[in-house]
Amino acid sequence: MLQPVDDAVRRQAKALVRTARHAALACLEPGSGFPAISRVSVATDFDGRPLLLISGLSGHSKSLAVDPRCALLFGQPGKGDPLAHPRISVTGRARRVERDDPAMEVCRERFLARQPKAKLYVDFPDFVFIAVDVERASLNGGFGKAYDLEAADLIDAATAVEGLEASSRRARDHMNEDHLDAVETMLSAQRPDAEGWRILTVDRTGFEVGRGDALDRMDFSAPVGVGGYTYHAAFIDLVRAVNTPPASTD
């Protein structure tokens, strides 16, 4: 039975997609119409759309060029029953990001921040970036926790603030260069091993941190760019939330 979608479900869904290093990509083979599945490296753009970097020589690249309909399965099984671990299937349409597209710089920067080893081949002429325009998603958070999601549950609403994406990169670089202690403080609110992590990518509603091959995500208390809320304020609020002792119940 499907469960109602609330903000906690949306946060879980976003975290599954935005902290993934890979996903299973399903598309339709030209001619036969049979489904085909492949593993792909992933990141997300500033709005939260999945980003793929794939070779134009691959079978799934040729399939998407004919029929852009596709699905991505995110989620990493852990110990025990693999069906007890959360996963999300995202359905949408693949859209090639052309090299002269103004969005190319952002796609390249965000992808390499999450997948640094892709520097070896990102500029090969046969490799292309694919953005998946999400239409719907299905989240399974474990037994008895099934949800149908709309695109708006996964993709951040755009704001009219000019230069917000560039501002997010400056905020990330400033935090990594001058305030790694604050990054550790923020992350300590949700995991015990908070040392040695760096901010990788930032969006309107939160940011991803990485240490080695591990990824995690933290959410801001409110979307940046709404009502004049800035990245500076968003990071300060997270640090204060950790350092502020709980109110007394006496």
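What this report covers is the structure whose coordinates are included nearby. (Residues numbered from 1 in each chain as written. Predicted model: local features only at pLDDT ≥ 70, side-chain atom pairs only at ≥ 80, totals over all residues. Heavy atoms only, no water.)

**Quick look at the overall build of the protein**
(1) Moving on: Across its full length, the protein carries seven helices and 10 strands.
(2) Moving on: Rg of the C-alpha trace for the protein: 19 Å, near the compact-globule value of 18 Å for 250 residues, within the 12% margin.
(3) Moving on: The principal-axis extents of the C-alpha atoms in the protein amount to approximately 70 × 45 × 35 Å.
(4) Moving on: Within the protein, buried positions represent 42% of all 250 residues.
(5) Moving on: Sequence separation of 24 or more characterises 61% of the internal contacts of the protein that already satisfy a separation of 6 or more.
(6) Moving on: Of the roughly 13300 Å² of accessible surface on the protein, 54% is carried by carbon and sulfur atoms.
(7) Moving on: If you average the places of the 31 positive and of the 36 negative side-chain charges in the protein, the two averages end up 4 Å apart. (Helix = DSSP H or I, 4+ residues; strand = E, 2+ residues; numbered from the N terminus. Rg over C-alpha atoms; globule rule 2.2 N^0.38 Å. Buried < 20%, exposed > 50% of the residue type's maximum accessible area, 1.4 Å probe, protein only. Contact = heavy atoms within 4.5 Å. Areas by Shrake-Rupley, 256 points an atom, 1.4 Å probe, with all protein chains shown as cover. Lys, Arg positive; Asp, Glu negative; His and termini not counted. Charge placed at Lys NZ, Arg CZ, Asp CG, Glu CD.)

**Re the packing of aromatic side chains**
Think of a pair of aromatic rings as described by two things: how far the centres are apart, and how the planes are tilted against each other in angle.
(1) Moving on: Scanning the model with the defined rule gives seven aromatic pairs in all.
(2) Moving on: Centroid distance F207 to F220: 5.6 Å. Interplanar angle 40°. Geometry classified as tilted. Linking F207 in strand β9 (residues 206-211) with F220 in the loop between β10 (214-219) and α7 (231-243), this pair joins segments that are 13 residues apart in sequence.
(3) Moving on: For the ring pair F207 and F235, a centre distance of 5.3 Å and an interplane angle of 55° mean the geometry is tilted. With F207 in strand β9 and F235 in helix α7, this residue pair connects regions lying 28 residues apart in the sequence. Exposure class is identical for F207 and F235. Each is buried.
(4) Moving on: Taken together, the ring pairs connect F207, F220, Y231 and F235 into an aromatic cluster. (Phe/Tyr/Trp six-rings, centres within 6.5 Å; stacked < 30°, edge-to-face > 60°.)

**Observations regarding the sheet that holds β9**
(1) Moving on: Strand order in the open sheet formed by three strands is β8-β9-β10, and the pairing between neighbours is antiparallel. With one partner strand each, in any of the chains shown, β8 (198-202) and β10 form the two edges of the open sheet. Each strand axis lies, on average, 30° off the axis of its neighbour in the sheet, ignoring direction.
(2) Moving on: Of the pairings in the sheet, the one linking β9 to β10 comprises six bridges and is antiparallel in character. (Pairing = 2+ DSSP bridges. Axes fitted to C-alpha atoms, helices over the stretch in contact; angles between N-to-C directions.)

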